[in-house]
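# Understanding the architecture of this molecule
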Amino acid sequence: QVQLVESGGGSVQTGGSLRLSCAASGYTTGTFRHCMGWFRQAPGQERKGVASIHTDGSTTYADSVKGRFTISQDNAKNTLYLQMNSLTPEDTAMYYCAVDLSWRWGCDLGLTEYDYWGQGTQVTVSS
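Each chain has its residues counted from 1, following the order in which its sequence is written. Local features in a predicted model are, by the rule used here, given only for residues with pLDDT of at least 70; side-chain atom pairs are given and counted only at 80 or more, and totals for whole chains, interfaces and linings are based on all residues. Heavy atoms throughout the structure, all of them, feed into the side-chain values; hydrogens and water do not.

### Structural notes on the layout of surface pockets
Considered as a void within the structure, the largest pocket measures approximately 180 Å³ in volume. Taken together, 14 residues line the largest pocket, and the ones lying closest to its centre are Arg40, Ala42, Gln45, Lys48 and Glu90. Runs of H or I in DSSP of at least four residues are treated as helices and runs of E of at least two as strands, each being numbered from the N terminus. When residues of the lining of the largest pocket are traced back to their parent elements, those giving at least two are strand E4 (35-41) and strand E5 (48-54). Sorting elements by how many residues they give to the lining of the largest pocket places E5 first, with 3 residues. A 1.4 Å probe that fits into a set of points on a 1 Å grid over the protein atoms alone but cannot get out defines a cavity; an open set with protein on both sides within 12 Å along at least five of seven lines defines a pocket, and lining residues are those with an atom within 4 Å of a point. Grid points are joined across faces, edges and corners, and a volume is the space filled by probe spheres set on the points.

### A short note on the state of the cysteines
To count as a disulfide, a pair of cysteine sulfur atoms needs to be within 2.5 Å. On inspection of all chains with the given rule, the structure shows 2 disulfides. Between Cys22 and Cys97 runs a disulfide, and the two sulfur atoms are separated by 2.0 Å. Torsion about the S-S bond of the Cys22 and Cys97 cystine: about -75°, corresponding to left-handed handedness. With Cys22 in strand E3 (residues 18-25) and Cys97 in strand E9 (residues 93-100), this pair connects stretches of sequence that are 75 residues apart. Buried means the residue's accessible area, taken with a 1.4 Å probe over protein chains only, is under 20% of the maximum for its type, while exposed means over 50%, and partly exposed covers the values in between. Take Cys97: its relative accessible area is 0%, and that puts it in the buried class. In this model, Cys35 is linked to Cys107 through a disulfide, with the two sulfur atoms separated by 2.0 Å. The sign of the S-S torsion, about -100°, decides the handedness of the disulfide formed by Cys35 and Cys107: left-handed. Of this pair, Cys35 sits in strand E4 while Cys107 sits in the loop between E9 and strand E10 (116-117), and the two are 72 residues apart along the sequence. As far as the burial class goes, Cys35 and Cys107 line up, both buried.

The structure is reproduced here in structure tokens:
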């Protein structure tokens, strides 16, 4: 019954910004240590981790987005966000929200650690 619904994707020019949201439901938040993350996949490429966040607030970023992207949660800890600034065409991809419900002390960007995925939202950056 876990459900993740992404929104906020779209088309922007180089240097623009987008804010992605992921509404999570179907599990109890704040009662155990787990991870949520953002991943992206460009045509012809494998899906790669972008950013992750633990219930304690700790974050991890891919080197390619450090200093430009920020992952965060709302106060209720049931909605995930990805603020993307200084976008470039290399950021063009389908972006996916994911949750790892296993108990963990911390998070990383490994795909196999995540159990549930959203439907994805397209981000296109033109030059």
